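The primary structure of each chain is shown beneath.
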Amino acid sequence: MANVAAPSTSNSFSWQVPAWLAPLAVVVAAFGVVPFVASPYVIEAILLPFLALSLAAVGLNILTGYAGQLSLGSAAFMAVGAFAAYNFNLRVDGLPLIVTIILAGATAAAIGIVFGLPSLRLKGFYLAVSTLAAQFFVQWALTKFGWFSNNSPSGVIDAPPLAIAGVTFDGAVGRYLFALSVVTVLTAFAYRLVRSQAGRNFIAVRDNELAARVLGVPVLRTKLLAFAISSFIIGIAGVLWAFAYLRTVEPHGFNLDRSFQILFIIIIGGLATIRGAFFGAALIVVFPLILSRLGSAVFGTVFDSGVLDMSQRIVIGALIIIFLIAEPDGLAALWDRLIKRAHGRTEP
Amino acid sequence: MTRHLTDVGSIDSSSTQAAGPDVASLLQGYDPGKPATEPILHLSGISLAFGGVTALTGVDLRVEKGEIRAVIGPNGAGKSSLINVISGVYSPDKGTIGFAGQTYAAMRANRVAHLGLARTYQNLALFKGLSVIENIQTGFAPRVRSNFVEQTFAIGRARAEERSSRQAAEDAIALLELTAVRDRPVSTLAYGLQKRVELARALVSRPVLLLLDEPMAGMPAGEKQELAAYIRTARDSLGTTVILIEHDIGVVMGLSDRIAVLDYGHKIADGTPQEIQANQAVIDAYLGIAHPEDDAVAGEARA
Ligand SMILES: Nc1ncnc2c1ncn2[C@@H]1O[C@H](COP(=O)(O)OP(=O)(O)O)[C@@H](O)[C@H]1O
Ligand SMILES: [Mg+2]
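Overview of the structure.

Calculation criteria
- Residues numbered from 1 in each chain as written.
- Chains lettered and ligands numbered in written order.
- Predicted model: local features only at pLDDT ≥ 70, side-chain atom pairs only at ≥ 80, totals over all residues.
- Heavy atoms only, no water.
- Helix = DSSP H or I, 4+ residues; strand = E, 2+ residues; numbered from the N terminus.
- Rg over C-alpha atoms; globule rule 2.2 N^0.38 Å.
- Buried < 20%, exposed > 50% of the residue type's maximum accessible area, 1.4 Å probe, protein only.
- Contact = heavy atoms within 4.5 Å.
- Near = heavy atom within 4 Å.
- Polar contact = N/O pair within 3.5 Å; in protein donor to acceptor, adjacent residues only side chain to side chain.
- Areas by Shrake-Rupley, 256 points an atom, 1.4 Å probe, with all protein chains shown as cover.
- Nonpolar A, V, L, I, M, F, W, Y, C, P; charged D, E, K, R; others polar.
- Pairing = 2+ DSSP bridges.
- Axes fitted to C-alpha atoms, helices over the stretch in contact; angles between N-to-C directions.
- Left-handed = near helix turned anticlockwise from the far one by under 90°.
- Buried area = accessible area lost by both parts, 1.4 Å probe.
- Salt bridge = Lys/Arg side-chain N within 4 Å of Asp/Glu carboxyl O.
- Donors = N, O, S within 2.8 Å, 3.2 Å for Na, K, Ca; no water.

## With respect to the overall build of chain A
Thought 1: The secondary structure content of chain A amounts to 14 helices and 4 strands.
Thought 2: For chain A, whose C-alpha radius of gyration is 21 Å, the value lies close to the compact-globule estimate of 20 Å for 348 residues.
Thought 3: With the C-alpha coordinates aligned to their principal axes, the bounding extent of chain A is approximately 75 × 55 × 45 Å.
Thought 4: Counting all 348 residues of chain A, 49% fall into the buried class.
Thought 5: Long-range contacts, defined as pairs at least 24 residues apart, comprise 77% of the intrachain contacts of chain A with a sequence gap of at least 6.

Listed below in structure tokens is the structure:
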């Protein structure tokens with residue numbers, strides 16, 4: 001057989017940065033530098049929602065980006081996680097926070113499997129509609145049954161303080177470090193998962209379900225596993241959102257808008273990349289703040305919150321369309337290209 | 001006919017022991033009276049229709065273990081449909097499928113790999129988001145027993161499985177000379193290379209029966225000959241039985257032990273390359289001479 005042309009060897013002798021170095025540097029900086037330089041405002045208004053949404057996007061990316069199952073129910077699974085954590089914490093005395101969080105994730109995973117069952121028959125648009133059912137059902141159930149919010153009259157409840165083994169993470173920095181630890185661990189898990197046999201199965205089912213089935217990939221099990229793991233991670237993102245960021249637990253924050261927001265994050269950031277979830281979340285969180293600064297600087301008082309909200313939606317909508325058309329692989333691909341170009345310049 | 005049956009995988013040897021070809025059955029095709037050997041695949045009376053379009057009508061096919069069995073016929077004759085029936089993609093309307101000592105009314109797509117069946121597709125069915133080696137490793141799926149926790153942390157059964165699936169994939173990559181592109185995303189490869197990756201993916205599980213739907217379509221002549229050599233190697237070294245759909249008559253004549261000819265969903269001939277070459281019905285089918293019996297299914301079926 002005609003031998004395959006050997007790949008270009010121009011890079012083979014150049015100095016190569018190990019792939020794990022960049023993420024490691026980011027983690028070290030996030031733990032070691034950010035807490036000392038970031039103001040409480042930056043932590044509360046930017047970093048905490050960024051972390052929670054990044055984690056939710058990592059979770060959704062496993063389901064939608066890797067396994068190809070479109071879901072509009074992410075916020076519902078966040079809500080399940082948040083309320084499950086609240087109730088486990090409230091009703092089981094002395095339950096360690098770590099266990100509470102794992103149980104909350106497991107609860108979200110169980111609900112995720114239930115709402116993932118239609119995926120065994122439905123695809124694409126129809127599946128998305130059926131995950132909408134999860135969104136509306138969960139929100140309805142949490143509002144309807146007072147038990148979930150311990151019969152609080154407003155339905156809004158204070159999240160308990162974060163404490164592990166007697167150490168409380170109460171201040172902004174403490175909650176940041178707590179959220180960062182959870183996100184780091186789960187992201188590392190997701191990173192390993194998508195590179196394992198299970199991750200290859202996700203992609204196989206996404207790219208050609210019939211061929212995967214004929215090859216002996218357990219398609220049904222693979223889909224349900226994607227729903228379970230995705231919902232587990234998104235559920236824990238919900239715990240971070242409620243316990244570390246907002247410090248209240250309420251169903252309203254976990255609405256359809258939030259589900260779309262997480263979907264937009266993975267579209268803008270890049271489907272089927274772990275990094276993309278963080279790029280996309282950064283853009284979605286930071287962008288409105290920049291827009292509001294910019295707006296009030298240029299238009300003064302005319303640029304009130306209504307106008308801000310409106311222009312935000314318009315610009316985000318436009319961004320998504322631009323990304324879908326011009327860069328379907330998202331910010332992660334854009335980033336790779338920039339790196340490659342910069343690398344190419346330093347090469348002889 | 002030469003046979004090399006070194007490793008036939010998981011098939012129960014008692015039910016499928018092929019004690020050399022029976023000369024009569026080779027010359028005559030299927031003889032229901034006295035099957036001298038148990039064929040590895042035995043289709044009988046397979047019919048399949050899509051709405052009003054008949055794809056297969058009462059097709060019988062006997063495939064002996066270790067042979068390379070070509071299926072030829074004009075476009076729309078039902079060749080791909082036949083492969084789809086054998087691999088469980090379609091359920092036949094009538095007929096039975098005997099495979100490795102069991103008889104089925106229909107194969108189930110999610111079971112065929114576990115039974116030792118692998119296939120390629122006329123139109124490529126690779127996983128675009130995976131690299132060459134990852135695509136090929138996917139073919140190892142029927143052997144995987146570990147769960148996602150073991151796989152994620154590379155512990156327990158997953159360790160050995162990952163090692164063997166990598167090794168099997170590397171072997172297939174070496175065999176099909178894909179080393180230079182092993183880590184490339186498959187979607188970036190030329191068509192002919194993608195066809196080879198698909199063949200490697202099918203071979204990695206060491207199938208008992210390999211179904212190839214036009215594996216050489218669109219390849220230059222030289223590459224076809226080399227692919228034919230690999231198919232023969234797979235049969236000779238693994239004992240894999242091969243069903244091959246191919247339009248290039250030269251390749252088919254040189255490679256196959258026996259040839260079945262389909263036309264308008266009917267099997268019109270079955271025999272050795274020499275017999276097929278001399279068969280008047282086959283010559284007519286290829287020259288487009290209408291038979292009285294074809295008129296019933298002609299027209300829309302051929303459109
Ligand atoms: N999925 C399908 N739906 C409808 N008709 C089909 C389908 N698959 C095959 N056919 C029809 O069955 C007949 C045989 O097709 P096929 O098996 O693909 O032939 P071949 O592979 O010999 O070219 C054709 O008339 C084709 O149009
Ligand atoms: Mg065909």
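## With respect to the site of ligand 1
Residues and elements named next belong to chain B.
Thought 1: The immediate surroundings of ligand 1 are formed by 13 residues, with Gly76, Lys79, Ser80, Ser81 and Tyr90 found nearest.
Thought 2: Take lysine 79: an N or O atom from its main chain is 2.8 Å from an oxygen atom of ligand 1.
Thought 3: In the model, a nitrogen atom of ligand 1 is placed 2.9 Å from a nitrogen or oxygen of the tyrosine 90 side chain.
Thought 4: Here ligand 1, which alone exposes 560 Å², has 68% of that area covered by the protein.
Thought 5: Of all elements in the fold, only strand 2 (53–63) and helix 3 (79–86) reach the threshold of two or more residues within the shell around ligand 1.
Thought 6: Taken together, the residues of the shell around ligand 1 sort by class into 7 nonpolar, 5 polar and 1 charged.

## So, the pairing of strand 4 (residues 94–99) of chain B
Residues and elements named next belong to chain B.
Thought 1: Relative to strand 4, strand 1 (residues 41–50) runs antiparallel, the two sharing 5 bridges. Following the sheet pairing, histidine 42 is matched in strand 4 by glycine 98.
Thought 2: Of the strand pairs in this sheet, strand 4 and strand 5 (residues 102–104) are connected by 3 bridges, and their pairing is antiparallel. Bridging from a neighbouring strand, isoleucine 97 pairs with tyrosine 104 of strand 5.
Thought 3: Between strand 4 and strand 5, which pair antiparallel one after the other, the connecting turn spans 2 residues, and alanine 100 there sits at a positive phi close to 50 degrees.

## As for the sheet that holds strand 4 of chain B
Residues and elements named next belong to chain B.
Thought 1: Read across the open sheet, the 4 strands follow the order 2-1-4-5; overall the sheet is antiparallel. The sheet terminates laterally at strand 2 and strand 5, the two strands that pair on one side only. Adjacent strand axes in the sheet meet at a mean angle of 20 degrees, parallel and antiparallel pairs treated alike.
Thought 2: Here helix 3 sits on the sheet and contacts strand 1, strand 2 and strand 4; the angle it forms with strand 1, its principal contact strand, is near 115 degrees.

## Some points on the packing of helix 4 (residues 74–91) of chain A against helix 6 (residues 124–144) of chain A
Residue and element names in this part refer to chain A.
Thought 1: For the pair helix 4 and helix 6, interaxial distance at closest approach is 7 Å and the crossing angle is 30 degrees. Helix-helix and strand crossings are classified by hand; for helix 4 and helix 6 the assignment is left-handed. Where helix 4 approaches helix 6, its residues Ser74, Ala75, Ala76, Phe77, Ala79, Val80 and Phe83 are matched on the opposing element by Ala134, Gln135, Val138 and Leu142.

## A few points about the interface of chain A and chain B
Thought 1: Contact residues are listed per partner, giving 29 residues for chain A and 40 residues for chain B.
Thought 2: Together, the buried faces of chain A and chain B total about 2900 Å²; carbon and sulfur atoms form 66% of this surface.
Thought 3: Taken together, chain A and chain B are joined by 1 salt bridge.
Thought 4: One salt bridge in this structure joins glutamate 162 of chain B and arginine 200 of chain A, with 3.1 Å as the shortest N-O distance.
Thought 5: Our count for the contact surface shared by chain A and chain B stands at 5 residue pairs in polar contact (both at pLDDT 80 or more).
Thought 6: Mapped by element, the contributors of at least two residues to the side of chain A that touches chain B are helix 7 (172–194), helix 8 (197–207), helix 9 (209–215) and helix 10 (219–246) of chain A.

## Some remarks on the coordination of the magnesium ion (ligand 2)
Thought 1: Looking at the metal site, the magnesium ion (ligand 2) is ligated by Ser80 of chain B (OG) and Gln122 of chain B (OE1), spaced 2.0 to 2.1 Å from it. Linking serine 80 of chain B in helix 3 with glutamine 122 of chain B in the loop between strand 6 (117–119) and helix 5 (132–138), this pair joins segments that are 42 residues apart in sequence.

## Comments concerning the pattern of salt bridges
Thought 1: Following the criterion strictly, the structure yields 23 salt bridges over all chains and no others.
Thought 2: The partner of glutamate 44 of chain A in a salt bridge is arginine 175 of chain A, and the shortest N-O contact between them spans 2.7 Å. Within this pair, whereas glutamate 44 of chain A is found in helix 3 (residues 40–66), its partner arginine 175 of chain A is found in helix 7, the two being separated by 131 residues in sequence.
Thought 3: Among the charged side chains, a network of salt bridges with common partners joins Glu67, Arg69, Arg258, Lys267 and Asp270 of chain B.

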